Amino acid sequence: MAEDDIQTLTRFNQAETDDGYLLEIGGSDSGLLRVAASPGQIEAILEALDALLSDEDDVVEG
């Protein structure tokens, strides 16, 4: 992916559904991506973000 293809996050919404969750993610080109996610997928996203943020904390504190 070329760097000029990367958009800035401008919108994020989430809602619970009968089957899991609905995520809406918008970028700087005003497009909107809507995805359904299972509870397991949301857990994996949270774990990945936690690991990423924990790694950043280690660099700042270290």
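Residues numbered from 1 in each chain as written. Predicted model: local features only at pLDDT ≥ 70, side-chain atom pairs only at ≥ 80, totals over all residues. Heavy atoms only, no water.

Draft legend 1. Main features of the pattern of salt bridges. For the structure on display, the rule yields 2 salt bridges. In this structure, the salt-bridge partner of Arg 11 is Glu 24, at a minimum N-O distance of 3.4 Å. In this pair, Arg 11 sits in strand S1 (residues 9-16) while Glu 24 sits in strand S2 (residues 21-27), placing the two residues 13 residues apart along the sequence. For Arg 11, a relative accessible area of 39% gives the class partly exposed. Assessed through its relative accessible area of 15%, Glu 24 is described here as buried. Glu 24 is paired through a salt bridge with Arg 34; the nearest N and O atoms lie 3.0 Å apart. Linking Glu 24 in strand S2 with Arg 34 in strand S3 (residues 32-37), this pair joins segments that are 10 residues apart in sequence. What makes Arg 34 exposed here is its relative accessible area of 52%. (Salt bridge = Lys/Arg side-chain N within 4 Å of Asp/Glu carboxyl O. Helix = DSSP H or I, 4+ residues; strand = E, 2+ residues; numbered from the N terminus. Buried < 20%, exposed > 50% of the residue type's maximum accessible area, 1.4 Å probe, protein only.)

Draft legend 2. Here's a closer look at the sheet that holds S1. Strand order across the open sheet formed by 3 strands is S1-S2-S3, with antiparallel pairing between neighbours. In the strand order of this sheet, the two ends are held by S1 and S3, each with one partner. The sheet shows a mean angle of 15 degrees between the axes of neighbouring strands, direction not considered. Of the strand pairs in this sheet, S1 and S2 are connected by 7 bridges, and their pairing is antiparallel. Note that in S2 the partner of Phe 12 across the bridge is Ile 25. (Pairing = 2+ DSSP bridges. Axes fitted to C-alpha atoms, helices over the stretch in contact; angles between N-to-C directions.)

Draft legend 3. View of the layout of surface pockets. Each pocket or cavity is described by its volume, and for the largest pocket that value is around 160 Å³. Along its surface, the largest pocket is lined by Phe 12, Gln 14, Tyr 21, Leu 23, Ile 42, Ile 45, Leu 46 and Leu 49. When residues of the lining of the largest pocket are traced back to their parent elements, those giving at least two are S1, S2 and helix H1 (39-61). Per element, the largest residue contribution to the lining of the largest pocket is 4 residues, and it comes from H1. Split by residue class, the lining of the largest pocket holds 7 nonpolar, 1 polar and no charged. (1 Å grid on protein atoms, 1.4 Å probe; cavity = no way out; pocket = protein on both sides within 12 Å on 5 of 7 lines; lining within 4 Å. Points joined across faces, edges and corners; volume = space filled by probe spheres on them. Nonpolar A, V, L, I, M, F, W, Y, C, P; charged D, E, K, R; others polar.)

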